[in-house]
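Observations on the three-dimensional arrangement
Residue-level listing of the chains:
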Amino acid sequence: MRETKAVKSYRVTLRFQHPAWDEVDGVVFSVNATSKAEAIRIARRDAYNAGHTSGGGRMSFTAVEAESAPAGCHRCGWSKAECSCLSGSLL
C-alpha cells in the first residue's frame with residue numbers, strides 16, 4: 001500500500017534578475033503541497049496565470065516551509081498586505 005505524504009504550507013518567493021521597484025523583495029506565493037518541488041510547480045503556474053512571467057529575463061523560485069499562516073485571504077490564508085493571490089479577497 002502506498003504511503004500518503006502530509007500536505008505542508010510553503011512560502012514560495014519569485015525573484016527577478018531585473019525587478020521592478022515593487023518587486024525588489026520578490027513576489028511571494030503561499031502554497032499547500034507535499035514537497036518543495038510541488039510547491040514550486042504550483043507557484044510557477046500561479047505566477048504564469050498572474051502575468052508575472054511574461055516580462056522575460058531570468059527568474060528564480062525558492063520554497064521555504066511556512067510557519068502557521070494567519071487568517072486572511074480565503075485562498076492562501078495570508079494577510080491582505082502579503083497576499084499574492086489573484087482574488088485578494090478577505091474572509
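In this text the structure is predicted, and so the values were computed from the model without any measurement. (Residues numbered from 1 in each chain as written. Predicted model: local features only at pLDDT ≥ 70, side-chain atom pairs only at ≥ 80, totals over all residues. Heavy atoms only, no water.)

A word on the overall build of the chain. Each helix and strand in the chain was counted, giving 1 helix and 3 strands. The buried share of the chain, reckoned over its 91 residues, is 32%. Sequence-distant contacts, at least 24 apart, represent 47% of the contacts inside the chain between residues at least 6 apart. Within the structure as shown, the chain displays about 6,400 Å² of accessible surface, and the carbon and sulfur contribution to it stands at 50%. (Helix = DSSP H or I, 4+ residues; strand = E, 2+ residues; numbered from the N terminus. Buried < 20%, exposed > 50% of the residue type's maximum accessible area, 1.4 Å probe, protein only. Contact = heavy atoms within 4.5 Å. Areas by Shrake-Rupley, 256 points an atom, 1.4 Å probe, with all protein chains shown as cover.)

The next thing to look at is the nonpolar core. Val12, Leu14, Phe29 and Val31 are the most contacted members of the largest nonpolar core, which totals 14 residues. Those elements that provide at least two residues to this core are β1 (8-16), β2 (27-33), α1 (36-50) and β3 (59-65). Contacts of Val31, omitting those with residues within four sequence positions, involve Lys8, Ser9, Tyr10, Val12, Ala39, Ile42 and Ala43. (Core = buried A, V, L, I, M, F, W, Y, C linked by side-chain atoms within 4.5 Å.)

Here we take up the sheet that holds β2. Ordered by their spatial adjacency, 3 strands build an open sheet running β2-β1-β3, and the pairing between neighbours is antiparallel. If you trace the sheet from one side to the other, it starts and ends with β2 and β3, each paired once. The average undirected angle you get between the axes of adjacent strands in this sheet is 25°. Bridge analysis of β1 against β3 gives 7 bridges, and the strand direction is antiparallel. From the neighbouring strand, Leu14 faces β3, where its bridge partner is Phe61. Running over the sheet, α1 touches β1, β2 and β3 and is turned about 130° from β2. (Pairing = 2+ DSSP bridges. Axes fitted to C-alpha atoms, helices over the stretch in contact; angles between N-to-C directions.)

Turning our eyes to something else, we now look at the pattern of salt bridges. All chains considered together, the criterion is met by 2 salt bridges. In this structure, Lys8 engages Glu65 in a salt bridge whose closest nitrogen and oxygen atoms are separated by 3.8 Å. With a gap of 57 residues between them, Lys8 in strand β1 and Glu65 in strand β3 connect regions that are remote in the sequence. Overall, Lys8 belongs to the partly exposed group, its relative accessible area being 36%. Of the residues examined, Glu65 reaches a relative accessible area of 44% and is grouped as partly exposed. Between Arg45 and Asp46 there is a salt bridge; the shortest N-O distance is 3.9 Å. (Salt bridge = Lys/Arg side-chain N within 4 Å of Asp/Glu carboxyl O.)

This part covers the pairing of β2. Counting buried positions along β2 gives 6 out of 7 residues, so the element sits mostly inside the fold. As defined by bridge partners, β1 adjoins β2 across 7 bridges and the pair is classed as antiparallel. What sits directly across from Thr13, in β2, is Val28.

By themselves, these figures tell us nothing about what the structure is for.
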